[in-house]
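# Close look at the chain arrangement
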Amino acid sequence: MTEVRSLATANLTKAFGGVVALDGATVTFRHGQVNALIGPNGSGKTTFFNCVTGMIRPDSGQTTYRGQDITRRAPHAIVRAGIGRTFQLCRVFPRMSALDNVLAAVRPAGLVGQLRGARARVEVDRAWGWLTRLGIEHLADVEARTMSWGQQKLLELAGVLMSDPETVLLDEPAGGVNPALLDRIGTLVRELNAEGRTFVIVEHNMDLVMSVSDHIVVFDRGRPIAEGPPSLIRTDERVLGAYLGV
Ligand SMILES: Nc1ncnc2c1ncn2[C@@H]1O[C@H](COP(=O)(O)OP(=O)(O)OP(=O)(O)O)[C@@H](O)[C@H]1O
């Protein structure tokens, strides 16, 4: 059962012109775990996320989630299937308040959204709930652009959590974030995981990766070269080689 409920890819391949970003990547992330996807710059991690979440089409290969083929599904259908994601260059609406940003994640734009929104007191309550949980409720009324980079990342995560994803993909949650917020992000990931959410985290900050992950997959040149628990990955010769370029 555990395997059926996992996120898995088989031979995922994607090239941009002559650059092979994914080169037959076959990976399984188990349900219920905090997984990390690490690797040197340009090893294909973000391209992997983009393919898995339907943002770009792979040239070949397959993605399955809980045993269902989601390879050709549109991004919104993949969110509906239970997979949410954040972005390396965090995506918030800079001139909207933090609360409206979180609500925008679940309300359609335009008139339909406004009509629906007027009725959706329950959504407002949930948005407050996530802002509070992530420790940024005191910023609910301020424009996102005035928030620090780390606070904006928490805001983006609050929006993602509004769709109640079973699996959350985080693209560089620690990038540019101060140490205090970094601790909070690590703690949140562990807490949300204990409540049943699966994580896949692309990250260069090895302290965060080693402290939160159950399982680490290491990419080099568009495919996994090693995987295992932090204790094994830390000392794996292939991993050290890929990072040091030897
Ligand atoms: N849209 C694109 N057009 C052209 N080349 C691209 C595009 N997206 C990614 N690439 C190339 O594909 C390769 C993999 O990039 P990708 O961003 O997936 O790696 P990454 O492991 O996420 O890197 P980083 O850790 O630096 O974020 C790189 O050589 C990159 O330049």
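None of these values were measured; they are calculated from a predicted model. (Residues numbered from 1 in each chain as written. Predicted model: local features only at pLDDT ≥ 70, side-chain atom pairs only at ≥ 80, totals over all residues.)

### Observations regarding the packing of helix α5 (residues 121–133) against helix α6 (residues 149–162)
Counted only if it meets this: Helix axes are fitted to C-alpha atoms over the stretch in contact, other axes to C-alpha atoms as well, and angles between N-to-C directions run from 0 to 180 degrees. The secondary structure listing takes helices from DSSP runs of H or I that are at least 4 residues long and strands from runs of E that are at least 2 residues long, numbered from the N terminus. Oblique is the label for any angle not under 35 degrees, not over 145, and not in the 65 to 115 range, which are roughly parallel, roughly antiparallel and roughly perpendicular in turn. Crossing handedness follows the turn of the near helix against the far one: under a right angle anticlockwise gives a left-handed crossing, and clockwise gives a right-handed one. Residue pairs are scored as contacts if the distance between their C-beta atoms, which are placed from the backbone, is within 7 Å. All residues other than Ala, Val, Leu, Ile, Met, Phe, Trp, Tyr, Cys, Pro, Asp, Glu, Lys and Arg, Gly among them, are scored as polar; the first ten of these are nonpolar and the last four charged.
Relative to each other, α5 and α6 sit at 135 degrees, their axes nearing to 9 Å. As summarised for this structure, α5 and α6 are arranged oblique, according to the angle between their axes. Remark: the crossing between α5 and α6 carries right-handed chirality. Note on element contacts: α6 touches α5 through A158, L161 and M162, opposite R126, A127, W130 and L131. Class assignment for the residues of the contact of α5 with α6 results in six nonpolar, no polar and one charged.

### Remarks on the domain arrangement of the chain
Selection rule: By convention here, the domain bounds are inherited from an automatic or database domain assignment.
When cut into domains, the chain gives domain 1 (1–82 + 165–246) and domain 2 (95–164). Spacing between the C-alpha centres of domain 1 and domain 2 amounts to 26 Å. With ten residues of domain 1 at the interface, the matching set in domain 2 holds eight residues. When residues of the side of domain 1 that touches domain 2 are assigned to their parent elements, the largest contribution, three residues, is made by helix α7 (residues 179–194). Among the residues forming the side of domain 1 that touches domain 2, the class breakdown is seven nonpolar, two polar and one charged.

### Remarks on the site of the ligand
For clarity, the threshold we go by: Near, as applied to residues and a molecule or strand, means the residue's backbone-placed C-beta atom lies within 6 Å of it.
The ligand sits among F16, V19, A21, G39, N41, G42, S43, G44, K45, T46 and T47. Those elements that provide at least two residues to the shell around the ligand are β2 (19–29) and α1 (45–52). Ranked by residue count, the leading element in the shell around the ligand is α1, at three residues.

### Here we look at the nonpolar core
Using the following cut-off: Put simply, a nonpolar core is buried Ala, Val, Leu, Ile, Met, Phe, Trp, Tyr and Cys residues tied into one set by C-beta atoms within 7 Å. Residue burial here comes from a neighbour count, namely the number of other C-beta atoms, placed from the backbone, that lie within 10 Å of the residue's own C-beta, with 20 or more meaning buried, 12 or fewer meaning exposed, and in between meaning partly exposed.
Counting 62 residues, the largest nonpolar core has V102, A158 and V218 as the members making the most contacts within it. Ranked by the residues each element gives to this core, the list is headed by α6, at seven residues. Taken domain by domain, the makeup of this core includes at least three residues from each of domain 1 (1–82 + 165–246) and domain 2 (95–164). Here V102 is in contact with A127, W130, L131, L155, A158, G159 and M162, once residues within four sequence places are set aside.

### Observations regarding α1
Taking burial as the measure, the eight residues of α1 include seven buried ones, the bulk of the element. Turning to α1, its buried residues are K45, T47, F48, F49, N50, C51 and V52. Positive phi appears at G54, one or two residues downstream of α1, with a value of about 80 degrees.

### Re the sheet that holds strand β8 (residues 198–202)
Applicable threshold: Criterion used throughout: strands pair if DSSP finds at least two bridges between them.
Read across the open sheet, the six strands follow the order β6-β7-β8-β3-β9-β10; overall the sheet is mixed. Both outer strands of the open sheet, β6 (83–85) and β10 (223–228), are each paired with one neighbouring strand and no more. Strand after strand, the sheet turns through a mean of 20 degrees between neighbouring axes, direction not considered. Summarising the sheet, strand β7 (residues 167–171) and β8 pair through five bridges and their orientation is parallel. Note on β8: the bridge partner recorded for L170 is I201.

### Side note on the sheet that holds strand β5 (residues 68–69)
As summarised here, the arrangement of the four strands in space is β2-β1-β4-β5, forming an open sheet in which the pairing is antiparallel. Pairing within the sheet leaves two strands with one partner each, and these edge strands are β2 and β5. Lying over the sheet, α1 contacts β1 (7–16), β2 and β4 (60–65), oriented at roughly 115 degrees with respect to β1.

### Some thoughts on unusual backbone geometry
Here R66, not a glycine, exhibits a phi torsion of approximately 50 degrees, which is positive. With respect to the helices and strands, the residue R66 is situated in the loop between β4 and β5. When the 18 C-beta atoms within 10 Å are taken as the criterion, R66 is described as partly exposed.

### A few points about α5
Quick note on the threshold: To estimate the expected span of a helix, count its residues, drop one, and scale the result by 1.5 Å. To obtain the arc, one takes the directions from the helix axis to the C-beta atoms.
With 13 residues, α5 extends 18 Å between its outermost C-alpha atoms, agreeing within 8% with the 18 Å of an ideal straight helix rising 1.5 Å per residue. Along α5, the positions that sit buried rather than exposed are A127, W130 and L131. Within α5, the buried residues cover an arc of 100 degrees as seen down the axis, which keeps them to one side. With respect to the buried face of α5, the exposed residues turned more than 90 degrees away are R121, V122 and D125. Among the structural elements, α3 (98–104) and α6 are those in contact with the buried residues of α5. Of the residues one or two after α5, G135 is the one with positive phi, at around 75 degrees.

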